[in-house]
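# Observations on the model geometry
Next come the chains, spelled out residue by residue.
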Amino acid sequence: GARERQHQHWQIGAAMRALLLLALAHAEPSISAITPINNGEVTLQDGALVMAYAVADATDDLRLCTQLTNKRVSFESHTHCVEARAPVTSFKLGGFLPGVWRCRAVLRRGPDPPTLHRGAAPLNGVVSNVEETWFLVEKQRWLADVTGEGPNVTAARRVLELASADETLRKALQDTAIDDMLVVTMANLPHADLALNLAFSAARAGAPLFAFALSDSTYDKLRTHNVACGKLPTLFGSVDGRKDVQSAGFSEIAVLKPVAVVVALRASIQVVWWLDTDVVLLRDLPLSDAAFAIQAGGLHARDYAINEDQFHAEQCTGVFRVTREAEMLLVQSALELATIRDKHPERTWAGDQAASNLVLHERRFREGTNISVEVLDPLEVPGGGLFFDGPLHDDRGPLIRADPVLAHNNFLVGAEKKLQRFRAHGMWYADFVGAFDDALLHRAPLDSCASIEVMGITPEVRSIDDVLFVEGRTVLHLHSTCSLKDRVVAVASLGDRPWVSSLIKRVAAYSIKVDADLLVAGDASQCYTHEEGDNGCAKAFKLIVLRSALRKYRRVLVLDDTVVVRKDAPDVFELVPVVALGATVEDPLVRKPEEAKQSLEISCLRYGVPCNTEEAWFNSGVLVASWPQLGLVETLPPWDSFERVLHWDQGYLNAMRLKYEVPLVDLGYAFNWVGSFHSTNSENAPFSAFDAFFVHGTTGLFLPHLERGEYLVNVSRAWDLVGL
């Protein structure tokens with residue numbers, strides 16, 4: 001029997017090998033260019049060009065299609081198809097105007113693609129490799145097109161010289177950069193508020209931002225808010241009235257954008273990021289090996305996201321990153337736009353995006369511009385169509401999981417519309433006056449001690465290694481005396497809670513493990529300022545603690561004081577992207593769907609939020625939040641709006657999440673094993689309390705107050721016995 005099986009195995013193996021050889025014999029059709037040669041210069045014969053390709057393994061039904069693009073002629077591509085013949089297919093083509101041409105050639109089956117296409121021919125039907133070649137037609141005539149010495153070019157050169165030689169500006173740029181990296185933006189007065197919104201996000205995400213002000217009034221406004229800035233001379237006087245993309249006079253501002261970045265590079269800064277003012281920075285900017293990295297353009301960013309990047313026509317200059325190598329490319333982009341203004345004064349709407357894409361297209365043949373270029377991952381660096389409108393077949397999942405570094409409020413023209421969209425997502429930070437001033441005006445100097453304020457109380461500061469819980473006190477435990485980490489674990493605990501003093505040691509150990517400070521807030525004395533005693537703010541105390549933490553820390557884990565943490569619990573921050581809220585959804589194992597719906601409905605009604613009751617209802621006893629979610633808690637409602645029927649703070653947080661369309665990451669019961677698994681829902685428990693990472697002694701335990709504490713202490717002891 002064994003020998004027979006062995007023989008069968010050998011037979012199967014032999015069959016596989018035979019199939020493999022057969023597959024190799026039927027090689028894929030392939031194509032490679034013969035003429036014109038890649039990166040070569042071409043002279044036309046009678047206005048036409050012979051194009052020849054070596055074709056291998058072609059079948060009779062194949063067509064050879066060449067897609068030709070010269071962005072100086074048009075951002076549309078022209079596709080020409082002929083019958084494919086091995087070993088060589090050649091044909092003559094006319095209509096080549098002077099300039100740099102990109103040709104993408106493929107073998108394909110089925111109907112020919114459209115002749116004219118913005119972006120590239122669709123890939124369906126393509127059976128070969130894509131053979132890409134670049135060539136320059138009629139070099140002298142092209143050079144005459146790309147150079148000019150008109151008044152705009154002269155003015156652009158003059159501004160660049162003046163700004164590069166400005167020692168005050170140079171020093172301000174150098175003083176603002178951190179580790180040889182700087183983020184720059186530019187604003188006139190109508191865009192100053194957007195610039196301040198960006199500045200707030202940069203301060204919170206820890207990025208050094210420098211704003212180029214285009215007028216004295218803009219400079220004064222930005223300086224009043226403590227934003228690092230300098231003045232950039234304009235070409236022809238004031239630009240404070242002109243603002244939006246593609247409006248008359250836009251090019252006069254747009255030409256200054258590449259100029260501003262060059263000035264920063266010339267101040268000896270190694271890496272410069274450009275961000276338009278309608279960007280909000282969420283976390284650390286990505287690294288890149290390229291000399292020039294740029295945001296995927298426009299609505300087609302979603303094509304990139306679903307791997308259809310061949311549809312791509314141009315990239316978006318609202319977000320890009322450059323190194324010193326890219327200086328010449330930026331100078332030429334500015335001069336290209338100035339040349340367009342001189343030669344085609346009617347195109348007042350022309351912008352830096354068209355000019356930069358044109359120079360990028362021609363970079364192999366221009367002087368000093370043949371550098372490496374990367375298109376940034378559109379899920380990591382999304383445009384507005386992708387970030388706000390839910391990208392992929394209405395599923396924001398892939399976007400959220402990619403943990404985007406920023407939100408770019410583009411694909412929407414006009415400051416007012418942008419403001420509305422930011423507001424709707426809780427990203428118009430000027431609305432949150434306390435936090436806004438805190439981040440911009442009251443930034444602690446680097447050498448002073450940073451602290452935090454909770455309900456009018458500045459906490460006592462202790463070492464994270466020496467954790468203390470005393471009823472009625474608020475204590476901040478730090479890793480190093482004077483500086484706050486990026487993360488904090490926050491526990492709010494009011495009243496008589498004898499179990500907390502022993503369980504808090506586990507929370508402290510977890511804080512050390514995930515590199516977070518620990519805030520234990522118990523001083524609500526400011527709640528009792530009225531004669532009638534508690535005015536209900538104790539019920540909102542957890543939200544007040546969350547707000548205080550989000551104002552100072554980038555990321556916050558809020559735990560109820562009835563949560564006990566196992567030693568080997570993974571880092572929960574790593575599970576939740578910065579744009580999302582992390583919490584455990586109360587699914588049918590814990591709560592009937594109609595109950596969850598009802599809770600959501602009542603909460604939405606109470607807090608005036610339009611509500612989709614099909615959304616998830618989460619438990620707020622374990623909550624991961626990041627600074628962009630500040631809007632959820634920045635303006636809290638009157639204390640008396642919190643009550644048991646709304647599950648205290650839980651109803652409020654669920655309603656606010658829906659109001660601001662904040663994505664939710666379900667942490668599952670491993671990070672919030674709720675009390676009802678021990679009582680009414682014991683037959684639904686997915687695993688025992690012992691096997692969970694965080695056990696939450698909710699009211700669902702149906703135990704008296706002190707016995708709930710006793711239950712948690714027993715869970716902790718059971719873990720102790722096995723070293724967890």
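Residues numbered from 1 in each chain as written. Predicted model: local features only at pLDDT ≥ 70, side-chain atom pairs only at ≥ 80, totals over all residues. Heavy atoms only, no water.

### Considering the state of the cysteines
The final tally for this structure, using the stated rule, is two disulfides. With its sulfur 2.1 Å from that of its partner, C65 forms a disulfide with C81. A torsion of 110° about the S-S bond marks the disulfide between C65 and C81 as right-handed. Of this pair, C65 sits in strand 4 (residues 63-69) while C81 sits in strand 5 (residues 76-83), placing them 16 residues apart in sequence. For the residue pair C65 and C81, the accessibility class agrees, reading buried in each case. (Disulfide = S-S within 2.5 Å. Helix = DSSP H or I, 4+ residues; strand = E, 2+ residues; numbered from the N terminus. Buried < 20%, exposed > 50% of the residue type's maximum accessible area, 1.4 Å probe, protein only.)

### A short note on the packing of helix 16 (residues 500-513) against helix 21 (residues 705-721)
Running from N to C, helix 16 and helix 21 point in directions that differ by 50°, and their axes come no closer than 10 Å. Taken together, the axes of helix 16 and helix 21 are oblique relative to one another. Between helix 16 and helix 21 lies a crossing of left-handed hand. Judged by residue contacts, S502, L503 and R506 of helix 16 engage L712, V713, S716, W719 and D720 from helix 21. (Axes fitted to C-alpha atoms, helices over the stretch in contact; angles between N-to-C directions. Parallel < 35°, antiparallel > 145°, perpendicular 65-115°, else oblique. Left-handed = near helix turned anticlockwise from the far one by under 90°. Contact = heavy atoms within 4.5 Å.)

### Comments concerning the sheet that holds strand 12 (residues 229-231)
The strand order 12-11-10-13-16-15-17 describes an open sheet built from seven strands, whose pairing is mixed. Every interior strand has two partners, whereas the edge strands, strand 12 and strand 17 (373-376), have only one. On average, adjacent strands in this sheet sit at an angle of 25° to one another, irrespective of strand direction. Bridge analysis of strand 11 (residues 209-213) against strand 12 gives three bridges, and the strand direction is parallel. In the strand pairing of strand 12, F212 is matched with G230. Against the sheet, helix 4 (residues 167-176) makes contact with strand 10 (181-187), strand 11 and strand 12, and its axis sits at roughly 155° relative to strand 11, the strand it touches most. (Pairing = 2+ DSSP bridges.)

### Quick look at the sheet that holds strand 19 (residues 460-463)
Read from one edge of the open sheet, eight strands run 19-20-22-21-23-26-25-27, paired in mixed fashion. Looking at which strands have only one partner, the edges of the open sheet turn out to be strand 19 and strand 27 (664-666). Between one strand and the next, the sheet's axes are offset by a mean angle of 25°, whatever the strand orientation. Examined bridge by bridge, strand 23 (residues 555-560) and strand 26 (residues 618-626) share five bridges and lie antiparallel to one another.

### Quick look at the confidence of the model for the chain
Chain-level pLDDT for the chain is 87 on average; 88% of the residues reach the 70-or-more range. Across residues 300-311 the pLDDT falls below 50, and counting only partners more than four positions away or on other chains, this stretch makes 33 contacts in the model. Low pLDDT, under 50, characterises residues 530-535; the predicted model gives this stretch seven contacts beyond four residues in sequence or across chains. (pLDDT = per-residue confidence, 0-100.)

### Quick look at a nonpolar patch on the surface
On the surface, F690, L721 and V722 cluster together into a nonpolar patch covering about 320 Å² of accessible area. As for its position among the elements, V722 is in the segment after helix 21. (Patch = residues over 30% accessible without salt bridge, like charges linked within 9 Å, V, L, I, M, F, W, Y side chains within 5 Å. Areas by Shrake-Rupley, 256 points an atom, 1.4 Å probe, with all protein chains shown as cover. Salt bridge = Lys/Arg side-chain N within 4 Å of Asp/Glu carboxyl O.)

### Observations concerning the packing of aromatic side chains
Scanning all chains against the criterion turns up 18 aromatic pairs. We note K231 situated over the ring of Y219; from NZ or CZ to the ring centre the distance is 4.9 Å. Sitting above the plane of the W134 ring, R364 keeps its charged end 3.8 Å from the centroid. (Phe/Tyr/Trp six-rings, centres within 6.5 Å; stacked < 30°, edge-to-face > 60°. Lys NZ or Arg CZ within 6 Å of the ring centre and 35° of its normal.)

### Things to note about helix 3 (residues 151-164)
Note that an α-helix has 3.6 residues per turn; residues three or four places apart therefore point the same way. When the terminal C-alpha atoms of helix 3 are compared, their 20 Å separation across 14 residues agrees well with the 20 Å that a helix rising 1.5 Å per residue should span. For helix 3, the set of buried residues is N152, V153, A155, A156, V159, L160, A163 and S164. One side of helix 3 holds all its buried residues, which, seen down the axis, span an arc of 165°. Residues P151 and E161 are exposed on helix 3 and point more than 90 degrees away from its buried face. On the buried face of helix 3, the contacting elements are helix 4, helix 8 (256-266) and helix 10 (327-343). (Expected span 1.5 Å × (residues − 1). Arc of directions from axis to C-beta.)

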